[in-house]
Amino acid sequence: MEKPAIEGGTPVRNSKISYGHQYIDEADIQAVVDVLRSDFLTCGPKITELEKKLCELTGAKYAVVCSNGTAALHIACLAAGVGEGDEVITTPITFAASANCALYCGARPVFADINPETYNIDPASVEKCVTDKSKAVVAVDYTGQSTELDELLEICHSNNMVLIEDGAHVIGTKYKGRANGSIADMTTFSFHPVKTITGGEGGAVLTNSEEFYQKLLLYRSHGITRDESLLEHESDVPWYYEQIDLGYNYRMTDMQAALIISQLDKLEMFCRRRKEIVARYNEAFSKLPGIFVQKEIPESDTTRHLYILRIMPDKFTIDRKRFFEALGAENVCCNVHYIPTYYFPYYERLGYRRGICPNAEKLYEEIITLPLYYSMTDEDVESVIEAVTKIANYYAK
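Residues numbered from 1 in each chain as written. Predicted model: local features only at pLDDT ≥ 70, side-chain atom pairs only at ≥ 80, totals over all residues. Heavy atoms only, no water.

**Concerning the environment of arginine 108**
So, step 1. Looking at the secondary structure, you find arginine 108 in strand β3 (residues 108-111).
So, step 2. Separated by 25 residues in sequence, arginine 108 and glycine 83 place their C-alpha atoms 9.2 Å apart.
So, step 3. In contact with arginine 108, other than residues within four places in its own chain, are Asp86, Glu87, Val88 and Tyr352. (Helix = DSSP H or I, 4+ residues; strand = E, 2+ residues; numbered from the N terminus. Contact = heavy atoms within 4.5 Å.)

**A few points about unusual backbone geometry**
So, step 1. A cis amide bond, omega 10°, links histidine 337 with the succeeding residue tyrosine 338.
So, step 2. Structurally, the position occupied by tyrosine 338 is in the loop between α10 (320-329) and α11 (345-349).
So, step 3. In the Ramachandran plot, tyrosine 119 falls in the positive-phi region, its phi being about 75° despite a non-glycine side chain.
So, step 4. Mapped onto the secondary structure, tyrosine 119 falls in the loop between β3 and α5 (123-129).
So, step 5. We note that asparagine 160 has phi near 55°; this positive angle belongs to a residue other than glycine.
So, step 6. Positionally, asparagine 160 belongs in the loop between α6 (149-158) and β5 (162-166).
So, step 7. Residue classification places asparagine 160 among the exposed positions, given a relative accessible area of 70%. (Buried < 20%, exposed > 50% of the residue type's maximum accessible area, 1.4 Å probe, protein only.)

**Overview of the nonpolar core**
So, step 1. By size, the foremost hydrophobic cluster in this structure holds 33 residues, and its most contacted members are Tyr281, Phe285, Tyr307, Phe323, Leu327 and Leu370.
So, step 2. At 7 residues, helix α13 (residues 378-394) tops the list of elements feeding residues into this core.
So, step 3. Within the second largest apolar cluster, 29 residues are counted, among which are Ile75, Cys77, Val138 and Tyr219. (Core = buried A, V, L, I, M, F, W, Y, C linked by side-chain atoms within 4.5 Å.)

**Here's the deal with the packing of helix α9 (residues 267-285) against α13**
So, step 1. The interhelical angle for the contact between α9 and α13, taken along N-to-C directions, is 25°, at an axis separation of 11 Å. On the basis of their axis angle, the class for α9 and α13 is roughly parallel. Once α9 is placed against α13, the crossing between them reads as right-handed. Within the contact between the two elements, α9 uses Arg273, Ile277, Arg280, Tyr281, Ala284 and Phe285 and α13 uses Asp378, Val381, Glu382, Val384, Ile385 and Val388. (Axes fitted to C-alpha atoms, helices over the stretch in contact; angles between N-to-C directions. Parallel < 35°, antiparallel > 145°, perpendicular 65-115°, else oblique. Left-handed = near helix turned anticlockwise from the far one by under 90°.)

**Some thoughts on the sheet that holds strand β14 (residues 307-311)**
So, step 1. The strand order across the open sheet formed by 3 strands is β12-β14-β15, and the pairing between neighbours is antiparallel. Looking along the sheet, the strands with just one partner apiece sit at the ends: β12 (291-293) and β15 (367-370). Taken pair by pair, the neighbouring strands of this sheet meet at an average axis angle of 35°, ignoring direction.
So, step 2. Contacting β12, β14 and β15, α9 crosses the sheet at an angle of about 10° to β14. (Pairing = 2+ DSSP bridges.)

**With respect to the sheet that holds β3**
So, step 1. Reading across the sheet, the 7 strands line up as β1-β9-β8-β5-β4-β2-β3 and stay open at both edges, with mixed pairing between neighbours. Each having just a single partner strand, β1 (62-66) and β3 make up the two edges of the open sheet. Neighbour-to-neighbour, the strand axes of this sheet turn through a mean angle of 20°, independent of strand direction.
So, step 2. Alignment of strand β2 (residues 87-90) against β3, held across 4 bridges, turns out to be parallel. Directly across from valine 88, in β3, lies its bridge partner proline 109.
So, step 3. Most of the contacts of helix α2 (residues 45-58) go to β1, to which it runs at about 130°, and overall it touches β1, β8 (186-190) and β9 (203-207).
So, step 4. Contacting β1, β4 (134-140), β5, β8 and β9, helix α3 (residues 69-79) crosses the sheet at an angle of about 165° to β8.

**Some details on a negative patch on the surface**
So, step 1. Together, Glu127, Glu151, Glu154 and Glu299 give the surface a local cluster of negative charge.
So, step 2. The residue glutamate 299 is located in the loop between β12 and β13 (300-301) in this model.
So, step 3. Of the residues examined, glutamate 299 reaches a relative accessible area of 30% and is grouped as partly exposed. (Patch = residues over 30% accessible without salt bridge, like charges linked within 9 Å, V, L, I, M, F, W, Y side chains within 5 Å. Areas by Shrake-Rupley, 256 points an atom, 1.4 Å probe, with all protein chains shown as cover. Salt bridge = Lys/Arg side-chain N within 4 Å of Asp/Glu carboxyl O. Lys, Arg positive; Asp, Glu negative; His and termini not counted. Charge placed at Lys NZ, Arg CZ, Asp CG, Glu CD.)

**What about helix α8 (residues 254-264)?**
So, step 1. Of all 11 residues that make up α8, 10 are buried, and the element is covered over most of its length.
So, step 2. Residues of α8 that are buried make contact with α1 (26-36), α2 and α9.

**Let's talk about helix α7 (residues 210-220)**
Each full turn of the α-helix corresponds to 3.6 residues, which orients residues three or four apart in the same direction.
So, step 1. Within the span of α7, buried status applies to Phe212, Tyr213, Leu216, Leu218, Tyr219 and Arg220.
So, step 2. Its side-chain oxygen at 3.3 Å from the backbone nitrogen of glutamate 211, serine 209 defines the N-terminal cap of α7.
So, step 3. Two residues or fewer after α7 comes histidine 222, characterised by a positive phi angle close to 70°. (Polar contact = N/O pair within 3.5 Å; in protein donor to acceptor, adjacent residues only side chain to side chain.)

**Quick look at the pattern of salt bridges**
So, step 1. A complete count under the given rule lists 19 salt bridges for this structure.
So, step 2. Among the ionic pairs, lysine 46 bridges to glutamate 49, the shortest N-O distance being 3.1 Å. Residue lysine 46 and its partner glutamate 49 are both found in helix α2; the two are separated by 3 residues, about one turn of the helix.
So, step 3. Accessibility expressed as a relative area gives 38% for glutamate 49, which makes it partly exposed.
So, step 4. The partner of glutamate 366 in a salt bridge is lysine 362, and the shortest N-O contact between them spans 2.8 Å.
So, step 5. Residue glutamate 366 is classed as buried on the basis of its relative accessible area, which comes to 5%.
So, step 6. For lysine 362, a relative accessible area of 45% gives the class partly exposed.
So, step 7. Taken together, the shared-partner salt bridges in this structure form one network comprising Asp25, Asp28 and Lys266.

Structure follows, in C-alpha cells:
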C-alpha cells in the first residue's frame, strides 16, 4: 500500500476538507436581507418568531433566545439559582463554557466522569459527586447523542437540584421519541457556524417552567422589565420601566434570528444527511482493527454534530498526534474535542488536578474528530474513509 503523505506518498485527495462547515443557501441570505430592509434590526418580531418556532420544534413551553450558547448557559445557571458557595456538576469532555457558567455565578464546577463507550457524562459518577452544596447538573449531549436524561432527572430531583442540559450539539436529536429541548428542566442550544443549525452566533434556553422563563427574560436583558405585574414602584407614565435584578446584554439580533429561522426550515434535511454520513463512517471504521467507534444508547435517535474516531494506541506504531498529522497530510483536516476542562491553567490555579476523571482523560488521549457536515459529498466521505484506512493499515502493529 502507498505510504501516507506524511511519509512522502501521494495524498488521497488534492483539496483540503475541513472538519466542519456551515451551509448557507439563497433562502438564508434573503432572510437576512429582508431584516436589513425592515424597521427592526434587534428586539424585533423575528425574535418572537424564532422562539415560537423552537417551541414548536421541541415541544417545550417556553424559549428564550440570546447572543450565544455561553450566554444561554450563564442565564440558565442564574435562573436555577446558582450562586456563591454552590456546586455545579458537569463533564470535563466539553467546551469550557459548560463549566465556566458555574464560575460566572460564583459557584464551583465539580467534574463527573464519562461513560467510556458513549463518552457522555455517567449518571453513576454524577451521583457520587452530589453533596449538600450541589445546586445543578450541566449535562452535555456530547457529539449530539442525548445524555441519559431520565436517570439524570431522577438524581437531580431527588437531591433538590436542577438539570440543565447543555444541548449545544443536540438539536435534531430525540430521546425516547421526544425532541431534546423539552425534557430537562432547562436545555441550552448553540447556533455557532459548525453546529447543525447556525445563526453565525446565537443561543437559546428552552424550559417548561414559567418561573425559569420569567427569570431568563430578565437575565437576558439587563434585569429590566416593563411587565406591570413585576414592577415594584407605581408609575402612570408610558415610558416607565424598572431594573429589578442584575442582568446582562445577552440579546440576539433579528438578523441572527432570521438566519436561524431559515436554517430550521432545513433541519430535517440536515439531520438526514448527517445520519447518512455517520452510518457510512460506522460501517467502514467498525471493520478496522485498532479503531473504536462511539457507542450509542438505544434511547437516543441521534443527529451527530461531531464524529469521533478513537485510536487504540497499543494497536499502532504511531501515537494519536502522528495519526492526526498523517490525516492532515492526506488533506483531511481534523480536530480534537475536547481537552479536559480542568487541564487548563486557569483551572489549575483554582486547584484542579489531573486524575479526577480517568475515563475522560484516557478518552482525550485517543480521539480525533473527523469531518462531518451537511454539504460533504459522497466523494468527500469516501476520501476521509480512504485516508483513515490507509494510515491505520500502514501503521498497524
